[in-house]
Amino acid sequence: MTERPYLVSGRNTLIHKIRKVDLLVINGEDQPPVLVTHKGIKEFTGVIPDNKREAKQYDMEMLDVTNIDIFGEEKTLLFVQTINGKEYKIDYSKHGTPLFIKIHQENAF
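Note that the structure is predicted; figures quoted are calculated from it, not measured.

Trainee: Tell me about the overall build of the protein, residues and numbers included.
Mentor: Looking only at helices and strands, the protein features one helix and nine strands. Secondary structure elements of the protein, listed N to C terminal, follow the sequence β-β-β-β-β-α-β-β-β-β. Against the 2.2 N^0.38 benchmark of 13 Å for 109 residues, the protein shows a C-alpha radius of gyration of 13 Å, consistent with a compact globule. The C-alpha extent of the protein, read off along each of the three principal axes, is 35 × 30 × 25 Å. Going through the 109 residues of the protein one by one, you find that 39% of them count as buried. Accessible area for the protein stands at about 6,900 Å²; split by element, carbon and sulfur atoms hold 47% of it.

Trainee: Account for the environment of L14, with residues named and values stated.
Mentor: Within the element layout of this structure, L14 appears in strand β2 (residues 13–16). In the structure, L14 is positioned twelve residues away from I26 in sequence and 12 Å away in space, judged by C-alpha atoms.

Trainee: Describe in detail the pattern of salt bridges, supporting the description with residues and values.
Mentor: Taken as a whole and assessed by the stated rule, the structure comprises three salt bridges. In this structure, E73 engages K75 in a salt bridge whose closest nitrogen and oxygen atoms are separated by 3.2 Å. On the accessibility criterion, E73 (44% relative accessible area) is partly exposed. A salt bridge links K94 to D91; the nearest nitrogen and oxygen atoms lie 3.5 Å apart. Classification of K94 as partly exposed rests on a relative accessible area of 32%.

Reading guide: rules and limits
- Throughout this document, residue positions are counted from 1 along each chain, in the order its sequence is written.
- Predicted model: local features are reported for residues with pLDDT of at least 70 only, side-chain atom pairs are reported and counted for 80 or more only, and whole-chain, interface and lining totals are derived from all residues.
- Water and hydrogen atoms play no part in the side-chain values, which are based on all heavy atoms of the structure.
- In this description a helix means any DSSP run of H or I spanning at least four residues, a strand means any run of E spanning at least two, and both kinds are numbered starting from the N terminus.
- As a reference, a globule follows 2.2 Å times the number of residues to the power 0.38, and the radius of gyration itself is taken over C-alpha atoms.
- Partly exposed describes any residue whose relative accessible area lies between the buried limit of under 20% and the exposed limit of over 50%, with all areas from a 1.4 Å probe on protein chains only and scaled to the type maximum.
- Per-residue accessibility takes into account occlusion by the displayed protein chains alone, with areas from the Shrake-Rupley method and a 1.4 Å probe.
- Take a side-chain nitrogen of Lys or Arg and a carboxyl oxygen of Asp or Glu: if they are within 4 Å of each other, that pair is a salt bridge.

Structure (structure tokens):
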């Protein structure tokens with residue numbers, strides 16, 4: 001089995017850890033998907049791959065936070081730490097506003 005490009009921390013934090021693999025975070029069917037790259041986070045506007053194998057062709061890992069292996073339920077707040085040392089707060093209740101994805105804290109390396 002290969003190493004996963006992310007870690008799960010606590011009840012609502014994901015840590016991106018492999019630079020060449022982006023994370024496509026899916027939070028249930030009604031929430032917009034989010035793409036995590038080594039540079040930051042943005043709402044994903046492309047076509048969601050049909051399965052993990054197809055996602056792998058695009059150098060991305062699909063993460064459904066409702067999966068029991070991750071958090072097991074939809075989240076209103078999700079924190080994502082990226083490789084560049086920033087932690088982002090994704091507030092799904094604020095989708096459509098500038099507060100949907102914002103930097104929560106920056107770490108100096």
